[in-house]
Amino acid sequence: MRRKNRVAVILCLAAFALMLMAAPVFAQPTDIQGHWAEQSVNSWVYNGYINGYLDGTFRPDNSITRAEFMVLVNRSFGFTEQAVINFSDVSPGNWFYGDAAIAIAAGYISG
């Protein structure tokens, strides 16, 4: 009986740990309160389309980069298929390399 209890506890803890890892984190960026785009930014963060910067900011008045645009479009439309990249300014080490390959395959970026 004791072994069954131990197994049950381990299984419950494992299931709980998996739920924690699968739960998205919806942290509101610290610099959008009162901004005209606050509601949209919060919605996009909630839906997983955007993340903001590592320091917790979103920088809503910055211009969007080509890389950030590709990430936003890919996540918004659920694009996942990748194509070959032939851009001189995109290398495999770039954080956005995979999203550039997806954008090419989707056909909305051509270089």
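It should be noted that the structure appears before, not after, this text.
Residues numbered from 1 in each chain as written. Predicted model: local features only at pLDDT ≥ 70, side-chain atom pairs only at ≥ 80, totals over all residues. Heavy atoms only, no water.

### Remarks on the overall build of the protein
Line of reasoning, step 1. For the protein, the helix and strand inventory stands at four helices and zero strands.
Line of reasoning, step 2. Reading the protein from its N end, one meets helices and strands in the order α-α-α-α.
Line of reasoning, step 3. Counting only residues that meet the buried cut, the protein has 23% of its 111 residues in that class.
Line of reasoning, step 4. Within the protein, counting contacts between residues at least 6 apart in sequence, those at least 24 apart form 45% of the total.
Line of reasoning, step 5. Accessible surface computed for the protein: about 8,400 Å², of which carbon and sulfur atoms make up 59%. (Helix = DSSP H or I, 4+ residues; strand = E, 2+ residues; numbered from the N terminus. Buried < 20%, exposed > 50% of the residue type's maximum accessible area, 1.4 Å probe, protein only. Contact = heavy atoms within 4.5 Å. Areas by Shrake-Rupley, 256 points an atom, 1.4 Å probe, with all protein chains shown as cover.)

### Quick look at the side chain of H35
Line of reasoning, step 1. When you line up the elements, H35 lands in the loop between α1 (2–22) and α2 (38–47).
Line of reasoning, step 2. For H35, a relative accessible area of 16% puts it in the buried group.
Line of reasoning, step 3. Among the polar contacts listed, one links the side chain of H35 to the side chain of D61, at a separation of 2.9 Å.
Line of reasoning, step 4. What H35 contacts, discounting residues up to four positions off in sequence, is P60 and D61. (Polar contact = N/O pair within 3.5 Å; in protein donor to acceptor, adjacent residues only side chain to side chain.)

### Quick notes on the packing of helix α3 (residues 66–77) against helix α4 (residues 97–106)
Line of reasoning, step 1. At a minimum axis distance of 9 Å, the contact between α3 and α4 shows a crossing angle of 65°. For the pair α3 and α4, the crossing hand works out as left-handed. Note on element contacts: α4 touches α3 through D99, A100, I102 and A103, opposite M70, V71 and N74.
Line of reasoning, step 2. Residues that form the contact of α3 with α4 fall into these classes: five nonpolar, one polar and one charged. (Axes fitted to C-alpha atoms, helices over the stretch in contact; angles between N-to-C directions. Left-handed = near helix turned anticlockwise from the far one by under 90°. Nonpolar A, V, L, I, M, F, W, Y, C, P; charged D, E, K, R; others polar.)

### Structural notes on the nonpolar core
Line of reasoning, step 1. Counting residues in hydrophobic clusters, the biggest one holds 10 residues: A67, M70, I85, F87, V90, F96, A100, A101, A103 and I109.
Line of reasoning, step 2. For this core, the secondary structure elements donating two or more residues are α3 and α4.
Line of reasoning, step 3. Counting residues per element, this core draws most heavily on α4, at three residues.
Line of reasoning, step 4. Judged by nonpolar contacts, the second largest core, of seven residues, contains I32, A37, I50 and L72. (Core = buried A, V, L, I, M, F, W, Y, C linked by side-chain atoms within 4.5 Å.)

### Observations concerning α3
Line of reasoning, step 1. Compared with an ideal rise of 1.5 Å per residue, which puts 12 residues at 16 Å, α3 spans 17 Å between its outermost C-alpha atoms and is within 8% of the ideal.
Line of reasoning, step 2. In the core, the buried residues of α3 are packed alongside α2 and α4. (Expected span 1.5 Å × (residues − 1).)

### Overview of unusual backbone geometry
Peptide bonds are, in most cases, trans, and in most cases residues other than glycine have a negative phi.
Line of reasoning, step 1. With a phi angle near 55°, R59 is a residue other than glycine that sits in the positive phi range.
Line of reasoning, step 2. Mapping R59 onto the fold places it in the loop between α2 and α3.
Line of reasoning, step 3. Of the residues examined, R59 reaches a relative accessible area of 33% and is grouped as partly exposed.

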